[in-house]
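Listed below, chain by chain, are the residues.
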Amino acid sequence: MNKKIALIKGDGIGPEIVESAVRVLDRIAEKYNHKFTYVDAPMGGNAIDVFGEPLPQSSIDTCLKSDAVLLGAVGGHKWDNLSGKMRPEAGLLGIRKALKVYANLRPAKLYPQLKERSPLKNEISEKGFDILIVRELTGGIYFGERGIRSGSLGREAYDTECYSEIEIERIARVAFEMAEKRNKKVTSIDKANVLESSRLWRKIVHDIAQDYPNIFVEDMLVDNAAMQLAKNPGQFDVILTSNMFGDILSDLASALTGSIGLLPSSSLGDSTLGLYEPIHGSAPDLPRNVANPIGTILSAAMMLSDSFNMPQEAKDIQDAVEKTLNNNYRTADIYMDGYIKCSTKEITDKIIEFI
Ligand code: NAD
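Computed from a prediction, not measured in an experiment: that's the story for all the values here.

A. Structural context of the sheet that holds strand β2 (residues 35-40). An order of β2-β1-β3-β12-β11-β4-β5-β10-β8-β9 is seen for the 10 strands of this open sheet, with the pairing classed as mixed. Two strands lie at the open edges of the sheet, namely β2 and β9 (216-221), each paired on one side alone. Across the sheet, the axes of successive neighbouring strands diverge by a mean angle of 25°, strand direction being ignored. Two elements, strand β8 (residues 185-190) and strand β10 (residues 238-241), share four bridges in a ladder whose sense is parallel. Bridge pairing in β10 links S188 to L240. Lying over the sheet, helix α1 (residues 14-32) contacts β1 (2-10), β2, β3 (68-73) and β12 (275-278), oriented at roughly 165° with respect to β1. Most of the contacts of helix α8 (residues 222-231) go to β9, to which it runs at about 105°, and overall it touches β5 (129-136), β8, β9 and β10.

Spelled out as structure tokens, the structure:
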């Protein structure tokens, strides 16, 4: 199969972790006789330096003409003092909008080999967990009406949580479809005891659940969900939630896995043109060739399964990551005494060897 992949390398560790993922993709192409071609789409601080803006139209066009987009990370101290739309991170919102991706999928898995790195107590981490968080990405309070006005107590600020039936339905369908491929359980997280938007959310999720009779669905209030994630994360399979709740809960879930450098994500819309990126930032504090590339490599695996319908190829990458960990290879962020410390390039070499 021939596929064109847009690469947004970004800033900081972005270029080197994307390079690792490309090397892994090339190994997959060689093994399965695929042809992947890559085209650069500058975004972030480096784009500001060259084009005077974080997301030039030419990069958007490049992404729209590709079969999928792989993104490293953007941002860095050099551009910290720029304002609003001129900041590197503005490119992130811009590219999500241009690609019309409304579903953010974040797997959070605790590898048994890394349980000592988890902040969870042994008796909890021992059981492990494998959660997929499906977060609505383009609606809710981050996009609702907002402003500053004069109220009865003086100046006040407001933001609005608003969800339409159609927005809830389409993200709920993504969660149910994902649960079909996993352990057939969806936990829908809301705040229906207080919020009107959550009550509509809950009703639509239950309506959609009728179309998926073999999926077990449960509701959970967001405050309880935060507690349950810390106490018993193994109970979750697919978590379905809104933009803001998903933002917060997915960071909590990722912290429980031991290192932010391990976790991939995908953002999908109605077409197969998805955006794939690790959940971490550009880590400007790290020297070169030290970063953990696994989150980006696993993002490339998600790209193979979700955009290219290549589940076996994706599984090869996931298995190779597990074998690399089983054989005690560790980057600095997950290193402990007695293990083999690897640079970014060395751990990538090991993953490629295991494919
Ligand atoms: P960060 O995720 O870059 O770093 C947080 C901590 O995790 C740092 O100590 C870093 O060294 C470590 N870390 C992150 N990725 C790692 C990896 N792959 N391997 C090993 N260690 C890793 O978050 P931050 O420090 O808050 O932000 C740094 C910059 O990244 C800022 O400019 C921020 O705006 C930007 N950012 C970008 C994205 C994105 O591009 N999607 C996301 C978050 C933050």
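B. The arrangement of the domain arrangement of the chain in detail. Taken as a whole, the chain is organised into domain 1 (1-106 + 287-355) and domain 2 (119-256). The distance between the C-alpha centroids of domain 1 and domain 2 comes to 26 Å. Taken together, the contacts link seven residues of domain 1 with 14 residues of domain 2. With both chains or domains summed, domain 1 and domain 2 bury close to 1,100 Å², and 62% of this area falls on carbon and sulfur atoms. Considering only the side of domain 1, the residues that lose the most area to domain 2 are Y102, N104 and R106, jointly responsible for 63% of the buried surface there. Inspection of the domain 1/domain 2 interface yields one salt bridge.

C. Broad picture of the side chain of S343. Position of S343 among the secondary structure elements: in the loop between β14 (340-341) and α12 (344-353). Residue classification places S343 among the buried positions, given a relative accessible area of 14%. Apart from residues no more than four positions distant in its own chain, S343 is found in contact with N289 and T331.

D. Broad picture of the packing of helix α11 (residues 311-326) against α12. Running from amino to carboxyl end, α11 crosses α12 at an angle of 120°, the nearest separation of the two axes being 8 Å. Between α11 and α12, the angle falls in the class oblique. Viewed along their axes, α11 and α12 form a crossing whose handedness is right-handed. For the pair α11 and α12, the contacting residues are A320, V321 and T324 in the first and I347, K350 and I351 in the second. When its residues are assigned to classes, the contact of α11 with α12 shows four nonpolar, one polar and one charged.

E. Representation of α1 within the structure. Between the first and last C-alpha of α1 there are 27 Å, a value that for 19 residues agrees with the 27 Å anticipated at 1.5 Å per step. Every buried residue of α1 is listed here: G14, E16, I17, V18, S20, A21, V22, V24, L25, I28 and A29. Trailing α1 by a residue or two, N33 shows a phi angle of about 60°, which is positive.

F. Structural view of the site of the ligand. The ligand sits among 20 residues. The nearest are V74, E89, G281, A283 and N292. Here an oxygen atom of the ligand sits 3.3 Å away from a polar atom, N or O, in the main chain of G76. Within the side chain of D285, an N or O atom sits 3.0 Å from an oxygen atom of the ligand. Taking 810 Å² as the accessible area of the ligand by itself, protein coverage stands at 68%. Here the residues of the shell around the ligand sort into nine nonpolar, seven polar and four charged.

G. The packing of helix α3 (residues 57-64) against helix α4 (residues 90-99), seen in detail. It is at 10 Å that the axes of α3 and α4 come closest, and there the two elements cross at 40°. Classified by the angle their axes make, α3 and α4 are oblique. In this structure, α3 crosses over α4, and the sense of that crossing is right-handed. Contacts between α3 and α4 involve I60, C63 and L64 on the former and, on the latter, I95, A98 and L99. Here the residues of the contact of α3 with α4 are counted per class, giving six nonpolar, no polar and no charged.

Definitions and cut-offs
Per chain, residues are indexed from 1 in the order of the written sequence. Only residues with pLDDT of at least 70 get local features here, since the model is predicted, and only at 80 or more are side-chain atom pairs given and counted; chain-wide, interface and lining totals rely on the full set of residues. Values shown for side chains rest on all heavy atoms present in the structure; no hydrogens or waters enter the calculation. The rule for pairing is simple: two strands pair if DSSP sees at least two bridges between them. Only DSSP runs of H or I with at least four residues qualify as helices, and only runs of E with at least two residues qualify as strands; both kinds are numbered from the N terminus onward. Working convention: axes come from line fits to C-alpha atoms, limited for helices to the stretch in contact. Angles between N-to-C directions cover 0 to 180 degrees. Contact definition: two residues touch when any of their heavy atoms are within 4.5 Å. Delimitation of the domains relies on an automatic or database domain assignment. Here the quantity called buried area is the accessible surface, traced with a 1.4 Å probe, that two parts lose on coming together, added over both. Each reported salt bridge corresponds to a side-chain nitrogen of Lys or Arg within 4 Å of a carboxyl oxygen of Asp or Glu. Per-residue accessibility, obtained with a 1.4 Å probe over protein chains only, is compared with the maximum for each type, and a residue is labelled buried under 20%, exposed over 50%, and partly exposed between these values. Throughout, the term roughly parallel applies to angles under 35 degrees, roughly antiparallel to angles over 145, roughly perpendicular to angles from 65 to 115, and oblique to all others. Two helices crossing with the near one rotated counterclockwise from the far one by less than a right angle form a left-handed crossing, whereas a clockwise rotation gives a right-handed crossing. Put simply, Ala, Val, Leu, Ile, Met, Phe, Trp, Tyr, Cys and Pro go in the nonpolar bin, Asp, Glu, Lys and Arg in the charged bin, and everything else, Gly too, in the polar bin. By definition here, a helix of n residues has an expected span of 1.5 Å times n minus one. To be near a molecule or strand, a residue needs just one of its heavy atoms within 4 Å of it. Two N or O atoms form a polar contact when they lie within 3.5 Å of each other; inside protein one atom must be a possible hydrogen donor and the other a possible acceptor, and for residues adjacent in sequence the pair counts only when both atoms belong to side chains. Here, Shrake-Rupley sampling with a 1.4 Å probe gives the accessible areas, and only protein chains in the shown set may cover a residue.

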